[in-house]
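Architecture and fold: a report
The chain contents come next:
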Amino acid sequence: MTLAVAAGFGTRVRRREPLSRHTSWHVGGPAEVFFNPRDRADLAAFLRALPGDVPIYWIGLGSNLLVRDGGLPGVVISTHGTLDSLERLSETAVRGEAGVACARIARQCIKWGLGPAEFFAGIPGTLGGALAMNAGAFGGETWRHVTEVETIDRHGTEHVRQRSEYRVGYRKVEPPVPEEWFIGATLSFERRPGAHPDEVQKLLARRKQTQPIGEWSCGSVFTNPPGDHAARLIEAAGLKGYRVGDASVSDKHANFIINHGTARAADLERLIEHVRSTVERVHGVRLHPEVRIVGVP
Ligand SMILES: Cc1cc2nc3c(=O)[nH]c(=O)nc-3n(C[C@H](O)[C@H](O)[C@H](O)COP(=O)(O)OP(=O)(O)OC[C@H]3O[C@@H](n4cnc5c(N)ncnc54)[C@H](O)[C@@H]3O)c2cc1C
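Just so you know, these numbers come straight off a predicted model, no measurement behind them. (Residues numbered from 1 in each chain as written. Predicted model: local features only at pLDDT ≥ 70, side-chain atom pairs only at ≥ 80, totals over all residues. Heavy atoms only, no water.)

**Details of the site of the ligand**
- Not every one of the 33 residues close to the ligand is listed here, only the nearest: Trp-58, Gly-60, Ser-63, Thr-126 and Gly-136.
- One of the backbone N or O atoms of Gly-60 is found 2.7 Å from an oxygen atom in the ligand.
- Starting from 970 Å² of accessible surface for the ligand in isolation, the protein chains cover 93%.
- Of all the elements in the fold, those that place two or more residues in the shell around the ligand are β3 (56-59), α4 (127-133), β9 (136-137) and β15 (180-188).
- A total of five residues in the shell around the ligand trace back to one element, the largest contributor, which is α4. (Near = heavy atom within 4 Å. Polar contact = N/O pair within 3.5 Å; in protein donor to acceptor, adjacent residues only side chain to side chain. Areas by Shrake-Rupley, 256 points an atom, 1.4 Å probe, with all protein chains shown as cover. Helix = DSSP H or I, 4+ residues; strand = E, 2+ residues; numbered from the N terminus.)

**A closer look at the layout of surface pockets**
- Computed from the structure, the second largest pocket encloses a volume of approximately 200 Å³.
- The wall of the second largest pocket is formed by 15 residues, among which Tyr-170, Thr-223, Asn-224, His-288 and Pro-289 lie closest to the centre.
- When its residues are assigned to classes, the lining of the second largest pocket shows six nonpolar, four polar and five charged. (1 Å grid on protein atoms, 1.4 Å probe; cavity = no way out; pocket = protein on both sides within 12 Å on 5 of 7 lines; lining within 4 Å. Points joined across faces, edges and corners; volume = space filled by probe spheres on them. Nonpolar A, V, L, I, M, F, W, Y, C, P; charged D, E, K, R; others polar.)

**Some points on the pairing of strand β11 (residues 146-153)**
- With six of eight residues buried, β11 lies mostly within the body of the structure.
- Here β11 pairs with β15 via seven bridges, running antiparallel. Bridging from a neighbouring strand, Asp-153 pairs with Glu-180 of β15.
- In the sheet, β11 pairs with strand β12 (residues 158-162) via five bridges, with the strands oriented antiparallel. If you follow Val-149 over to β12, its bridge partner there is Arg-161.
- Connecting the antiparallel pair β11 and β12 is a turn made up of four residues, with Gly-156 showing a positive phi of about 85°. (Buried < 20%, exposed > 50% of the residue type's maximum accessible area, 1.4 Å probe, protein only. Pairing = 2+ DSSP bridges.)

Laid out in structure tokens, this is it:
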């Protein structure tokens, strides 16, 4: 049924596309249908053509996703390399589409003399993913800057929603209605004339000393429990370097799990469960995954 829908959208639709090509852990089975829209009109037309019961999942740069080895049924909509306009609306307001890379927001805001936006450079995902996760780094957080968002629903209808309609917390965003996805946002910053690109480089260099940047990971696997750090608890439980298949807990930062090349999603998930149960046994603290785990085993 979903395959019939795919006709008419050319090579922008791919069938049984391996999601391992689209996640930073480089694992994950296929998407039944994978769609990379040309623009908003194309996206709306595609959504309108979908039967109402087809599952839809959105993916940005896949930097916070564990897709299981059996893949995802239905349709995966990817904003990679598309929906990527970024413009200055006024003295302090910026409008970005969902597919804009967070690092670009950081760089461009410095050029515009706006901030604090340097923290976006630490998030290797899209604005859409950052909105869904309330991503944050170096003390900054996405939703502190959101004034309104643009969304699209499964009928291809666009909506504008105010920040106050969302319940936002640490790595948590509750939308007012289900099945609306971000296509853009208006962000507000302060005037910061004289900011220099070196500031971003300094932050990234500092992070490189403590995190295994450049290896295949999803960043932090678990959120920090109140008043503590997941990495501290994992390290104190003796789990640094613990291995399942070709996946291991990073020796550099215990809240990172590395795929050394041939790990499968099942190895990563087993390792996540092992870390979770060991930390609970040793410290009595239940960790919660920050990474989104989706798909069929
Ligand atoms: C090396 C490394 C370091 C990292 N450091 C940080 C950090 O410092 N801070 C931090 O917060 N995160 C960090 N992350 C995690 C990750 O980069 C963020 O969570 C990021 O916001 C995910 O964006 P993405 O585009 O890759 O989203 P994806 O991983 O593709 O998707 C994540 C979730 O967002 C949803 N989503 C994506 N796009 C949309 C959309 N347009 N509308 C609705 N939902 C959508 C997906 O369905 C999924 O549930 C790190 C990851 C890596 C690999």
